[in-house]
There are 2 protein chains.
Amino acid sequence: MASDTPPLYRQIADAIARQLAAGEYPPGSRLPSVRALAARHGVNTLTALAAYRHLEREQRVVARPRAGYYAALPVAGSRGGESSVPLPSPAALVDLSRRMSTLLQLADERIAVQLHMAEAAPALYPFAELGRRLQFALARQPELIGAQVPGPDQRRLMAALAALAVERGLALPADGILVTHGVTESISLALRHLTRPGDTVAVETPVYFGLLQQLEGLGLKALEIPCAPATGLSLEALEFALRHGPAVRCLVTVPSFQNPTGALMPDEQRRRLLAIARRHGLTVIEDDVFGDLHFGAQRPTPLKAWDRDGDVIYCASFTKSFAPSFRLGWMAAGRHHAALSLLCASSTLVCSPLLQSVLADVLESGDYARIRQRLRQQLQAQVQAFADAIEHHFPRGTRLLRPHGGLLLWVECPESCDTTRLLQRALAEGISFAPGMAFSAEPRFGHCLRISCGQPWTPVLEAAIARLGKLARTL
Amino acid sequence: MASDTPPLYRQIADAIARQLAAGEYPPGSRLPSVRALAARHGVNTLTALAAYRHLEREQRVVARPRAGYYAALPVAGSRGGESSVPLPSPAALVDLSRRMSTLLQLADERIAVQLHMAEAAPALYPFAELGRRLQFALARQPELIGAQVPGPDQRRLMAALAALAVERGLALPADGILVTHGVTESISLALRHLTRPGDTVAVETPVYFGLLQQLEGLGLKALEIPCAPATGLSLEALEFALRHGPAVRCLVTVPSFQNPTGALMPDEQRRRLLAIARRHGLTVIEDDVFGDLHFGAQRPTPLKAWDRDGDVIYCASFTKSFAPSFRLGWMAAGRHHAALSLLCASSTLVCSPLLQSVLADVLESGDYARIRQRLRQQLQAQVQAFADAIEHHFPRGTRLLRPHGGLLLWVECPESCDTTRLLQRALAEGISFAPGMAFSAEPRFGHCLRISCGQPWTPVLEAAIARLGKLARTL
């Protein structure tokens, strides 16, 4: 039996050949990196490389030095009716995870001033109050510790979430809400439901690297649509891509305080985005994780509030705005709700009944508005202090747009400044940030960086920003 | 633009045609149910039906009355070298979720005696002690509430889990352990990593319905291998299927106190299973969720302890044995660890740092052994009381094998007894259990039922079992 089985590299090569034949990798498109291929099949990189070499000999793939393997172009004349107009090509997510590995390891290192994670300092959250709430919930219902699935508490939570949704202009039935382990899980479920490997997903660029990694893990291609720090996603670029580019399965957007730019999409543009989505049959996955962190009096209204046709899957969370360690989020997916509920149940079954119960208590008490307000004011002051210091210390030609919410600053240094090199030097001095290269599959943002303003302003931070600015000048 | 787009049913039909062409549904195999197809594409069932009707007209699929749609067989002679020997055909998971809907809703109903869930009563868990531990952790580190990602606590937890693994005969590096939201997430990640839609996965039969739903959600086929209540998975059947059946991507097995049969696989058989796996290049996903609930003095040794070749992905949890509401599990995946870590990060990012810290405290204190021992003794007494009552009250010809651990009883009633009808009658009287039909994609276990012995024995339970027995006699 065993001797009939082809060697591992041939099995992998055959699998790729089938995917090429099925059109999963169109001619000229980039194939998974050797590392990604090895990881996917649980083999070492030499075996993965052997698979590609075999396909290269068969002229099914071509190698490009330092760029990886690409699906071979068809022999001239073998396919008719191909357009000769160059279309916007979807980005291949090759090697993002490898490039990101440094960044992901930063939290483990002894970095004195950590500015690379999109998170607020733990001290900014009402830990004493939440600790008391946990104790109270356990005193009232000690058996919550032993509860495997949520009971009546989940219905309380659903009702409280539906009431919260109403404040945001969303009319949702309580039984149309799904509690998840945060926006990461919500988006992962939505992508798994809406797409198949090889599909193309529209995203903003620059974009949160975690989303690029999600697409990479699901074998999806990212079509990066420009996002301006002032107004967010370019609808002109989106519409052009939908008209002339490859078929797009869905769009993932962060309309309020986008990560990393902090962009806030104006209401008028939100309505236009929905009209475009409707016209093109595009499903929109709305990530509203930062929406509660608005600096102005008015919370931004989610896209979902204008969604009359069920085109928006709304994803929200309490990770940034309430209790990060609870890891609780929720989503409203309309006609996709039943399918996503099943997918969620078979992925993680259920969220902690204990934590769900405490969250329900806080929402019912009305305390969440007060918790949020204090956090928003603190973050606004911190973002302002960071922005002032960056404008003061960074080299001439640096650009920065002050956001109207959230906790991130997107800094565009002069084009000559390589922020990946800047990071290496900064790390040597105990300072971290997120380099621009992490926010696109293309080398678009090598001169940019993202600074997290999650920590209360101190002279140490002032000195760190001054030091970063000085290092940037010397590059 | 919109007028160029084919109607929705044609898009779906084309997608299926592509899958058929790519061999994702081999000729003669069952296609997704109309409901599943509708859910997958987010359309109503009429649209899904229209897609199948279109493919039927094109003779790409055939309809079988009351059984759904099947991939059409190739025209005679169009494919050479096909075997004429009937091979064991993988089961298609059509409509399991629909059939299960009644069962899933039981928890919401006002059922006085609930015996359908594989869970112990919350009161059996050390809730007062765990509540104190939570309070202590928050007093020591109030900022844990605001921690978004685990810090040094996670390293403490990894070390404690590696020590726990040693007790089970597993030598694992701490950095080879992945903390997850329970075995459901671990198995979901492993399946997503190892398989592609259309692949075949070997499972035990009868099998936990949640696993069948996971396979259904991932578009996988279940190859059901008989599992005997005495010794577990039939290795003869497994080896036959591996030699003569369709290609099998992996096996999911619960060697210790299998759900639903309670079977305990003998050590000698575990070693043979690994030899078979090695011979056939089969990856084994080991679900050890019940292993800590042994009634004998000796905890069963996991398969993973004999795994010299990295063929086993080990999945364990604290959901049954320690604190259900924590929803924490862990896995050791050897060479698949890096890929699974990435997949986990892009699926749910991270588990609650607060709950991970408390779990680390308990494991470090050594209290877990004492907690487990008390729970095991309670469950053993309860299982014995349930088994005695069932033997006394159920009709002649009922078979029952007393398990050596866990909290489940698998009851084989006389063949004439339809336990789905029995459940309907029992529900009307306020009693629930899990009917046999839920534990296979095939109608194999219609005369069986699973009783959860998670609740302390009382006269009310005695009366409920007596009533069930009486109802079973009248069917």
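Residues numbered from 1 in each chain as written. Chains lettered and ligands numbered in written order. Predicted model: local features only at pLDDT ≥ 70, side-chain atom pairs only at ≥ 80, totals over all residues.

## Some remarks on the overall build of chain A
Looking only at helices and strands, chain A features 15 helices and 16 strands. For 475 residues, the compact-globule estimate of 2.2 N^0.38 gives 23 Å, and chain A sits close to it at 24 Å. By principal-axis analysis of the C-alpha atoms, chain A measures approximately 70 × 55 × 50 Å. Here chain A holds 475 residues, and the buried ones make up 52% of them. In chain A, the proportion of contacts linking residues at least 24 apart, taken out of those at least 6 apart, comes to 73%. (Helix = DSSP H or I, 4+ residues; strand = E, 2+ residues; numbered from the N terminus. Rg over C-alpha atoms; globule rule 2.2 N^0.38 Å. Buried ≥ 20, exposed ≤ 12 C-beta atoms within 10 Å, placed from the backbone. Contact = placed C-beta atoms within 7 Å.)

## Overview of the relation of the copies chain B and chain A
Between chain B and chain A, the superposition needs a rotation of 180° and an axial shift of 0.1 Å, giving an RMSD of 0.2 Å. Such a combination of rotation and displacement between the chain copies is what one expects of a two-fold axis. Minimal C-alpha separation from the rotation axis in chain B is found for alanine 22 of chain B, amounting to 2.8 Å. The fraction of interface residues of chain B whose copies in chain A are also interface residues reaches 97%, indicating that both copies meet through the same surface. (Least-squares fit on C-alpha atoms with pLDDT ≥ 70 in both.)

## A look at the domain arrangement of chain A
By domain assignment, chain A separates into domain 1 (2-77), domain 2 (98-125 + 370-474) and domain 3 (127-367). Taking the mean C-alpha position of each, domain 1 of chain A and domain 3 of chain A sit 36 Å from one another. (Domains from an automatic or database assignment.)

## Focus on the interface of chain B and chain A
Across the contact, 62 residues belong to chain B and 61 residues belong to chain A. Breaking the side of chain B that touches chain A down by element, the ones donating at least two residues are α2 (34-41), α5 (127-140), α7 (183-194), α8 (209-217), α11 (337-348) and α12 (353-365) of chain B.

## Comments concerning the packing of helix α9 (residues 235-244) of chain A against helix α10 (residues 267-280) of chain A
All names here are of chain A. Remark: α9 packs on α10, axes separated minimally by 11 Å, with the N-to-C direction vectors making an angle of 5°. Relative to α10, α9 is oriented roughly parallel. Facing Leu235, Leu238, Glu239 and Leu242 of α9, the residues of α10 in contact are Gln269, Arg272, Leu273, Ile276 and His280. Its residues placed into classes, the contact of α9 with α10 shows five nonpolar, two polar and two charged. (Axes fitted to C-alpha atoms, helices over the stretch in contact; angles between N-to-C directions. Parallel < 35°, antiparallel > 145°, perpendicular 65-115°, else oblique. Nonpolar A, V, L, I, M, F, W, Y, C, P; charged D, E, K, R; others polar.)

## Quick notes on the sheet that holds strand β15 (residues 448-452) of chain B
All names here are of chain B. The strand order β3-β14-β15-β13-β12 describes an open sheet built from five strands, whose pairing is mixed. The outermost strands of the open sheet, each flanked by one partner alone, are β3 (113-115) and β12 (399-400). Bridging between strand β13 (residues 408-412) and β15 involves five bridges; their strand directions are antiparallel. From the neighbouring strand, leucine 408 faces β15, where its bridge partner is serine 452. (Pairing = 2+ DSSP bridges.)

## Concerning unusual backbone geometry
All names here are of chain B. Proline 206 follows threonine 205 through a cis peptide bond whose omega is 5°. Here proline 206 lies in the loop between β5 (200-205) and α8. Following asparagine 259, the chain continues to proline 260 via a peptide bond in cis, the omega torsion being 15°. Its place among the elements puts proline 260 in the loop between β8 (248-253) and α10 (267-280). Even without being glycine, phenylalanine 257 reaches a positive phi, approximately 60°. Looking at the secondary structure, you find phenylalanine 257 in the loop between β8 and α10.

## Observations concerning the nonpolar core
The nonpolar side chains of a soluble globular protein tend to be buried, and buried together. With 296 residues, the main nonpolar core has Val201 and Leu359 of chain A together with Val201 and Leu359 of chain B as its most contacted residues. Ignoring sequence-local partners within four residues, the contact set of valine 201 of chain B consists of Leu191, Thr195, Leu215, Leu220, Ala222, Leu223, Val248, Arg249, Cys250 and Val252 of chain B. (Core = buried A, V, L, I, M, F, W, Y, C linked by C-beta atoms within 7 Å.)

## Regarding the sheet that holds strand β15 (residues 434-435) of chain A
Residues and elements named next belong to chain A. Spatially, β12-β13-β16-β15 is the arrangement adopted by the four strands of the open sheet, whose pairing is antiparallel. Looking at strand neighbours, the two that pair on one side only are β12 (399-400) and β15, the edges of this open sheet. Pairing between β15 and strand β16 (residues 448-452): two bridges, direction antiparallel. Counted as the bridge partner of alanine 434 is arginine 450 from β16.

## Concerning the pairing of strand β9 (residues 283-287) of chain A
Where a strand is regular, its side chains alternate between the two sheet faces. All names here are of chain A. Among the five residues in β9, five count as buried, and that is most of the element. Burial along β9 is two-sided: Thr283, Ile285 and Asp287 facing one way and Val284 and Glu286 facing the other are all buried. Two strands pair when backbone bridges link them, and strand β8 (residues 248-253) and β9 are joined in this way by four bridges, in the parallel orientation. Directly across from cysteine 250, in β9, lies its bridge partner threonine 283. With four bridges connecting them, β9 and strand β10 (residues 312-317) associate as parallel partners. Residue pairing in the sheet places valine 284 in a bridge with valine 312 of β10.

## A closer look at α5 of chain B
Taking 1.5 Å per residue as the helical rise, α5 of chain B with its 14 residues ought to reach 20 Å, and the 20 Å between its terminal C-alpha atoms agrees with that figure. Three or more residues of α5 of chain B are buried, namely Phe127, Leu130, Arg133, Leu134, Ala137 and Leu138 of chain B. Down the axis of α5 of chain B, the buried side of the element spans an arc of 130°, and every buried residue falls inside it. Opposite its buried face, α5 of chain B presents the exposed residues Ala128, Phe136, Ala139 and Arg140 of chain B, each directed more than 90 degrees away. Those residues of α5 of chain B hidden inside the fold are in contact with α5 (127-140) of chain A together with α12 of chain B. (Expected span 1.5 Å × (residues − 1). Arc of directions from axis to C-beta.)

## Structural notes on helix α12 (residues 353-365) of chain A
Residues and elements named next belong to chain A. An ideal rise of 1.5 Å per residue puts 18 Å on 13 residues; α12 measures up with 18 Å between its terminal C-alpha atoms. If you check which residues of α12 are buried, you get Pro353, Leu354, Leu355, Gln356, Ser357, Val358, Leu359, Ala360, Asp361, Val362 and Leu363. Where α12 is buried, its residues contact α5, α6 (152-167), β4 (177-180) and α13 (367-393). Two residues or fewer after α12 comes glycine 366, characterised by a positive phi angle close to 80°.

## Focus on the pairing of β15 of chain B
Residue and element names in this part refer to chain B. Of all five residues in β15, five are buried; the element is thus mostly enclosed. Burial along β15 is two-sided: Cys448, Arg450 and Ser452 facing one way and Leu449 and Ile451 facing the other are all buried. Sheet topology note: the strand β14 (residues 431-435)/β15 ladder contains two bridges and is antiparallel.

## Brief notes about the packing of helix α14 (residues 419-428) of chain B against helix α15 (residues 459-474) of chain B
Residue and element names in this part refer to chain B. The interhelical angle for the contact between α14 and α15, taken along N-to-C directions, is 135°, at an axis separation of 10 Å. The angle between the axes of α14 and α15 places the two elements in the oblique class. The interaxial crossing formed by α14 with α15 has right-handed handedness. Across the interface between the two elements, Leu422, Arg425 and Ala426 from α14 touch Leu468, Leu471 and Ala472 from α15. (Left-handed = near helix turned anticlockwise from the far one by under 90°.)

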